[in-house]
Amino acid sequence: MKPLSKIVIFLLLISALFVQSPAQFANKPQSFVIANDWRFKTTGIYYSDKYLMGVLKAIDKAGKGDFMISCGDVSPVDASRELISEILGKDYLWYTAPGNHDQEDTTYMRLFRNMNPDGGTLPHIVRKGPKGCEETTYAIEIGDCHIAFLNIYFDGKSDIGTDGDIIPELLEWLEEDLKNNRKPFTFVVAHEPIIAIPDMDNGRIRHQGDSLDKYYRNALRFQKILKKYSVTAYLNGHTHCTSITKINGVWQIDAGHAYGVDDPYPEFLFEELSECVAKGSTSGKSAEQMIADYFYQDSYSVKKVLFYTNLTEGVSYKKIADEPALKLTIRFYNDFKGNLQLRQKYIDTFNQNLDVNQSTFLKIFLEKPAVKIEVYRNDSKGGPYRLMHTEFLK
Ligand SMILES: [Fe+2]
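Cut-offs applied
- Counting of residues starts from 1 at the beginning of each chain's written sequence and follows it residue by residue.
- Reporting in this predicted model follows two pLDDT cut-offs: at least 70 for local features of residues, and 80 or more for side-chain atom pairs to be given and counted; totals over whole chains, interfaces and linings ignore these cut-offs and use all residues.
- Pairs of strands are assigned from DSSP output, requiring at least two bridges between the strands.
- In this description a helix means any DSSP run of H or I spanning at least four residues, a strand means any run of E spanning at least two, and both kinds are numbered starting from the N terminus.
- All axes are obtained by fitting lines to C-alpha atoms, using only the stretch in contact for helices, and the reported angles, taken between N-to-C directions, cover 0 to 180 degrees.
- Think of it this way: build a C-beta for each residue from its backbone, and any pair within 7 Å is a contact.
- To assign burial, the other C-beta atoms lying within 10 Å of each residue's own C-beta are counted, with C-beta atoms placed from the backbone; 20 or more indicates buried, 12 or fewer indicates exposed, and intermediate counts indicate partly exposed.
- Start and end points for every domain follow an automatic or database-based domain assignment.
- Structurally, a nonpolar core is described as a collection of buried Ala, Val, Leu, Ile, Met, Phe, Trp, Tyr and Cys residues joined by way of C-beta atoms within 7 Å.
- Note on terminology: angles under 35 degrees are roughly parallel, angles over 145 are roughly antiparallel, angles of 65 to 115 are roughly perpendicular, and the others are oblique.
- Three classes are used: nonpolar for Ala, Val, Leu, Ile, Met, Phe, Trp, Tyr, Cys and Pro, charged for Asp, Glu, Lys and Arg, and polar for all others, with Gly counted as polar.
- Crossover handedness is defined here as right-handed if the route from the first strand over the helix to the second strand goes clockwise, with the strands pointing away from the viewer.

**What about the sheet that holds strand E2 (residues 67-70)?**
Here is step 1: Strand order in this open sheet of 6 strands is E3-E2-E1-E11-E12-E13, and the pairing throughout is mixed. At either end of the open sheet lies a strand with only one pairing partner, and these are strand E3 (93-96) and strand E13 (386-393). Here the average twist between neighbouring strands, direction ignored, is 20°.
Here is step 2: Direction of pairing for strand E1 (residues 31-34) relative to E2: parallel, over a ladder of 2 bridges. From the neighbouring strand, Val33 faces E2, where its bridge partner is Met68.
Here is step 3: Where helix H2 (residues 52-62) meets the sheet, it contacts E1, strand E11 (360-365) and strand E12 (371-377), and its direction lies at approximately 30° from that of E11.

Spelled out as structure tokens, the structure:
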């Protein structure tokens, strides 16, 4: 062989080494993380270990794998990306499908599209979405897996046009994508489950009948395509309830939520209010002023505590107006502080009324013969994350 040919072969071998993903060199199975539905719990008062930051630190401790997948409801995505970069590194790969709450604000969706301008900007993209949702539907390939992210709010023209459905145009795109896939592990990611399943620990169920099953014919066609192309698993969020279920031959993995503290509970709300009141006393602000400041930062969560402690007399937290809710918040604070019996009553009533879901993240290991899933959860009150379940997709 001529010396020049030897050099060319040597260079080809070297370049072949560099185009493979690092995971292929590792002497361990490829792995990735799933975490989603943390909504806006990233900045301001949520820049704390009680919320997403604590989840990300737990992910770092458990091993962050090759990348992270989110199944939506993670807006604003720029703030989420920033926090992920801070805790898991700026080069750590993160991909997400949009959720229903990401559609609620035009700014949120603009940020979503900006993550992936023209549909081909994110690393490892192998296919853009259909016209009209090029940026928010796409497929990636990393190591041994092919992953298709679907925007289920695409109506054929607009990427914010439905309330969660697999319309024929989206299904057609997915089938074409799966038909051409040659990777041994395939995942499809979208926000809503095909059908909502009770949480694997507390049995709570949410969004039954108004997930993809609301449009059941389209949901069935979707399920059949996943089965036809032997998709390893369908990944979703939305319900805040974690489950791993085989539905007529297709694995559906609902990753629950990664809020950290999901719903504030009485002790938590009192602790937060007490901190605010203490800050106010040093700056000359009254307790009531400080409670009002706290209330208006996240009145929805405060109203939930009031509702589940039976303080709103049956008026839903979604309906009660700010003014009466603020008065009740002040009453709650004073009762909790000054009356131990009432304090215990509020705690007991809340716990009877609401079984709070634990904050969760999953680790997926692409092992043969069966993919392994580790489910990490906290105690729903901001405590440490523990490995709670190990399941295999058999
Ligand atoms: Fe959702």
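**Notes on the sheet that holds strand E9 (residues 242-247)**
Here is step 1: Strand order across the open sheet formed by 7 strands is E4-E5-E6-E7-E8-E10-E9, with mixed pairing between neighbours. The sheet is open, and its two borders are formed by strand E4 (125-128) and E9, each paired with just one other strand. With direction set aside, neighbouring strand axes in the sheet form an average angle of 20°.
Here is step 2: Strand contacts of helix H6 (residues 216-228): strand E7 (185-189), strand E8 (233-236), E9 and strand E10 (250-255), with the helix running at about 110° to E10, the strand carrying the most contacts.

**So, the pairing of strand E5 (residues 138-142)**
Here is step 1: Along E5, 4 of the 5 residues are buried, which leaves the element largely enclosed by surrounding structure.
Here is step 2: Here E4 pairs with E5 via 3 bridges, running antiparallel. When the bridges of E5 are listed, Ile125 appears paired with Ile140.
Here is step 3: In this antiparallel pair of consecutive strands, E5 and strand E6 (residues 145-149), the connection spans 2 residues, and Gly143 shows a positive phi of 55°.

**Let's talk about the environment of Asn378**
Here is step 1: Here Asn378 is to be found in the loop between E12 and E13.
Here is step 2: Under the C-beta neighbour-count criterion, Asn378 is labelled buried, with 24 such atoms within 10 Å.
Here is step 3: Along the sequence, Asn378 and Met388 sit 10 residues apart, while their C-alpha atoms lie 9.0 Å from each other.
Here is step 4: With sequence-adjacent residues up to four places away left out, Asn378 is seen in contact with Gln358, Ser359, Gly383, Pro384 and Tyr385.

**Structural notes on the domain arrangement of the protein**
Here is step 1: For the protein, the assigned domains read domain 1 (29-261 + 356-393) and domain 2 (266-353).
Here is step 2: Between the C-alpha centres of domain 1 and domain 2 the distance comes to 33 Å.

**As for the nonpolar core**
Here is step 1: Judged by nonpolar contacts, the single largest core of 72 residues is most densely connected at Leu150, Val188, Val189 and Leu235.
Here is step 2: In terms of residue count, the dominant contributor to this core is H2 (6 residues).
Here is step 3: Dropping the residues within four chain positions of it, Leu150 is found in contact with Ala97, Thr137, Leu170, Leu174, Val188, Val189 and Ala190.
Here is step 4: Within the second largest apolar cluster, 24 residues are counted, among which are Met290, Tyr308, Ala325 and Leu328.

**Let's talk about the environment of Asp335**
Here is step 1: Secondary-structure assignment places Asp335 in helix H10 (residues 322-338).
Here is step 2: As a C-alpha pair, Asp335 and Ile197 span 138 residues in sequence and 38 Å in three-dimensional space.

**Focus: the packing of helix H5 (residues 168-179) against H6**
Here is step 1: At a minimum axis separation of 10 Å, H5 and H6 run at an interaxial angle of 5°. Judged by the inter-axis angle, H5 sits roughly parallel to H6. Of the residues in H6, those touching H5 at Leu171, Leu174, Glu175 and Leu178 are Arg221, Phe222 and Ile225.
Here is step 2: Broken down by class, the residue content of the contact of H5 with H6 amounts to 5 nonpolar, no polar and 2 charged.

**Things to note about the pairing of E8**
Here is step 1: Of the two faces of E8, the one holding Ala233 and Leu235 and the one holding Tyr234 and Asn236 are both buried throughout.
Here is step 2: In terms of strand pairing, E7 meets E8 through 3 bridges, oriented parallel. Counted as the bridge partner of Val188 is Tyr234 from E8.
Here is step 3: Following the backbone out of E7, through H6 and into the adjacent parallel E8, one traces a crossover that is right-handed.
Here is step 4: Pairing between E8 and E10: 3 bridges, direction parallel. Pairing of Leu235 across the sheet is with Ile253, part of E10.

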